[in-house]
Amino acid sequence: MDIMLFHSVYGLRPAVHAAAERLRAAGHQVWTPDLFDGRTFDSVEGAMEFRDEVGMDELLKRAVLAAAPHSERGLVYAGFSFGAAVAQNLALGDEKARGLLLLHGTSDIAKDARVDELAVQLHVADPDPFEPHDWLTAWYLQMGKAGADVEVHRYPGAGHLYTDPDLPDFDEEAAGQTWRVALAFLDSLAEG
């Protein structure tokens, strides 16, 4: 599979490169665009301030420009937290999208969004302060209404960005389970 993997609000950190290498080792081609032009952050507050300063419209534009040269192939869009929100926006707007892998995050869904049985897999902490239960229930229903085929995997007791070993949220067991399930999901897309 061809995968466009977007970083979290912390920027293009070692955990994103490690995830890309894990995916490549499983036989996938992976791109990791840097939407923050080399900036990385150690605190979520500084990261969110930078994200808001640049603006979501500009960040989405950068993401579209990064994906455009590869989108004819039929991409799987993937991302971590903020990057998952970016991936979701691109996947819902790309009729050739092959799938959507969301790690730790979701995004608003346009009322007129329509996809043709797009395979979507979400991995999220339970509870997650950035992805509350009410929000996720509404998101799940809206994605279904838009035509997506959605699986949600919850990880009780894990922190928000539990797959990043360099953050306090890291949960080795939940991260291992996430990658096992996600790799199987990607294999199923390749077969389909």
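In this report, the structure presented in the accompanying data block is examined.

**Points about the pattern of salt bridges**
Evaluation of the coordinates by the stated rule reveals 7 salt bridges. The residue Arg 62 makes a salt bridge to Asp 37 at a minimum N-O spacing of 3.5 Å. Residue Arg 62 is found in helix H3 (residues 56–67), and its partner Asp 37 is found in the loop between strand S2 (29–31) and helix H2 (44–54); the two are separated by 25 residues along the sequence. Sharing partners across several salt bridges, the network here consists of Asp 37, Glu 58 and Arg 62.

**Focus on the nonpolar core**
Of all hydrophobic cores here, the largest spans 61 residues; its most connected members are Leu 5, Phe 6, Tyr 77, Leu 100, Val 120 and Met 143. Per-element accounting of this core gives the leading share, 7 residues, to helix H4 (residues 82–93). In this structure Leu 100 touches Val 76, Tyr 77, Ala 87, Gln 88, Ala 91, Leu 118, Ala 119, Val 120, Gln 121, Met 143 and Phe 185, once residues within four positions along its chain are discounted. If you look at the next biggest cluster of nonpolar residues, it comprises 6 residues, including Ala 125, Tyr 155, Tyr 162 and Ala 175.

**Examining the sheet that holds strand S5 (residues 119–126)**
Spatially, S2-S1-S3-S4-S5-S6 is the arrangement adopted by the 6 strands of the open sheet, whose pairing is parallel. The open sheet has two free edges, formed respectively by S2 and strand S6 (149–156), since each of these has just one partner strand. Averaged over all pairs of adjacent strands, the angle between their axes in this sheet comes to 15°, without regard to strand direction. In the sheet, strand S1 (residues 2–6) pairs with strand S3 (residues 76–80) via 4 bridges, with the strands oriented parallel. Looking at S3, one finds that Ile 3 is bridged to Val 76. Sitting on the sheet, helix H1 (residues 14–25) is in contact with S1, S2 and S3, with an inclination near 165° to S1.

**Structural notes on the layout of surface pockets**
Each pocket or cavity is described by its volume, and for the largest pocket that value is around 440 Å³. As for the largest pocket, its lining consists of 22 residues, of which Arg 51, Ser 81, Phe 82, Phe 130 and Glu 131 are closest to the centre. At the level of secondary structure, the elements contributing two or more residues to the lining of the largest pocket comprise H2 and H4. For the lining of the largest pocket, the class distribution of residues is 11 nonpolar, 7 polar and 4 charged. Roughly 160 Å³ of internal volume is contained in the second largest pocket. What lines the second largest pocket is simply Pro 14, Ala 15, Ala 18, Ala 19, Arg 22, Phe 80, Thr 163, Pro 165, Phe 170, Ala 175, Gly 176 and Trp 179. Mapped by element, the contributors of at least two residues to the lining of the second largest pocket are H1 and helix H6 (172–191). Classifying every residue of the lining of the second largest pocket gives 9 nonpolar, 2 polar and 1 charged.

Scoring rules and cut-offs
- Residues numbered from 1 in each chain as written.
- Predicted model: local features only at pLDDT ≥ 70, side-chain atom pairs only at ≥ 80, totals over all residues.
- Heavy atoms only, no water.
- Salt bridge = Lys/Arg side-chain N within 4 Å of Asp/Glu carboxyl O.
- Helix = DSSP H or I, 4+ residues; strand = E, 2+ residues; numbered from the N terminus.
- Core = buried A, V, L, I, M, F, W, Y, C linked by side-chain atoms within 4.5 Å.
- Buried < 20%, exposed > 50% of the residue type's maximum accessible area, 1.4 Å probe, protein only.
- Contact = heavy atoms within 4.5 Å.
- Pairing = 2+ DSSP bridges.
- Axes fitted to C-alpha atoms, helices over the stretch in contact; angles between N-to-C directions.
- 1 Å grid on protein atoms, 1.4 Å probe; cavity = no way out; pocket = protein on both sides within 12 Å on 5 of 7 lines; lining within 4 Å.
- Points joined across faces, edges and corners; volume = space filled by probe spheres on them.
- Nonpolar A, V, L, I, M, F, W, Y, C, P; charged D, E, K, R; others polar.

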